[in-house]
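Residues per chain are reported as follows:
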Amino acid sequence: KGVAYVDYVATSYGIDADIYKKLVLSFAKYNQYDLIQFNFGLHAKHLSKTSYKKRVKELVSKLETCGKVLLANSTVVYKEGNVKYDSSWMKRVNERNQAMLEISSELNLQLNDLFTVSQNIPKEYRYVDGIHYLAEGYAVLAEQVVKVIKSELF
């Protein structure tokens, strides 16, 4: 509050859906941003690391003309009950986080490490599905996002 105006685009479309790409690029085209944090990781599970990386890199490269771009990696995924990692999802999360690290290096972009932050969020702050968070969990992630965005803007 009092620092930046924020738009937030949230959807369950995968990065391989044409409508997702059109949505993101439309926001970028018709608005003026000083910074865009791009965080995409937990949809389109079917995409390989190679395909995911190609699509993210292509989209992020188009966003670079709209302001400074900041990448964010994916958060941990637990099985229901939030006690053990969901091994199927964590394989994808790790691949995608590696892809985001590679993209950040290749395009010289900062990476907001939400993965590490999410590892330390107590299970009581998570929704029972193992993926989503309760308000307290989202507050922890938001604090990290605000910290990194402020460091990038000022």
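Below is a short write-up of the structure. Keep in mind that this is a model prediction, so the values were computed, not measured.

Here is what the cut-offs are and how they apply
- Residues numbered from 1 in each chain as written.
- Predicted model: local features only at pLDDT ≥ 70, side-chain atom pairs only at ≥ 80, totals over all residues.
- Heavy atoms only, no water.
- Helix = DSSP H or I, 4+ residues; strand = E, 2+ residues; numbered from the N terminus.
- Expected span 1.5 Å × (residues − 1).
- Buried < 20%, exposed > 50% of the residue type's maximum accessible area, 1.4 Å probe, protein only.
- Arc of directions from axis to C-beta.
- Contact = heavy atoms within 4.5 Å.
- Axes fitted to C-alpha atoms, helices over the stretch in contact; angles between N-to-C directions.
- Parallel < 35°, antiparallel > 145°, perpendicular 65-115°, else oblique.
- Left-handed = near helix turned anticlockwise from the far one by under 90°.
- Nonpolar A, V, L, I, M, F, W, Y, C, P; charged D, E, K, R; others polar.

### So, helix 2 (residues 49-63)
Logical step 1: With 15 residues, helix 2 extends 21 Å between its outermost C-alpha atoms, agreeing within 8% with the 21 Å of an ideal straight helix rising 1.5 Å per residue.
Logical step 2: Inspection of helix 2 places Y52, K53, V56, L59, V60 and L63 among the buried residues, and these make up the whole buried set. The buried residues of helix 2 occupy one face: seen down the axis, they fall within an arc of 145°. With respect to the buried face of helix 2, the exposed residues turned more than 90 degrees away are T50 and K54.
Logical step 3: Tucked into the core, helix 2 has its buried residues touching helix 1 (18-29), strand 1 (35-39), strand 2 (68-72) and helix 3 (87-106).

### As for the packing of helix 1 against helix 2
Logical step 1: Their axes nearest at 10 Å, the elements helix 1 and helix 2 cross at an angle of 15°. Looking at the two axes, helix 1 sits roughly parallel to helix 2. Viewed along their axes, helix 1 and helix 2 form a crossing whose handedness is right-handed. For the pair helix 1 and helix 2, contact is made by Y20, K21, V24, L25 and A28 and by E58, L59, K62 and L63, respectively.
Logical step 2: Here the contact of helix 1 with helix 2 is composed, by residue class, of 6 nonpolar, no polar and 3 charged.

### With respect to helix 5 (residues 135-153)
Logical step 1: Between its first and last C-alpha, helix 5 extends 26 Å over 19 residues, near the 27 Å set by a 1.5 Å rise per residue.
Logical step 2: Of the residues making up helix 5, those classed as buried are G137, L141, Q144, V148 and E152. Along helix 5, the residues classed as buried sweep out an arc of 75° about the axis, all on the same side. Of the exposed residues in helix 5, the ones pointing more than 90 degrees away from its buried face are A135, E143 and K147.
Logical step 3: As for helix 5, its buried residues are in contact with strand 1, strand 2, strand 3 (111-112) and helix 4 (114-119).

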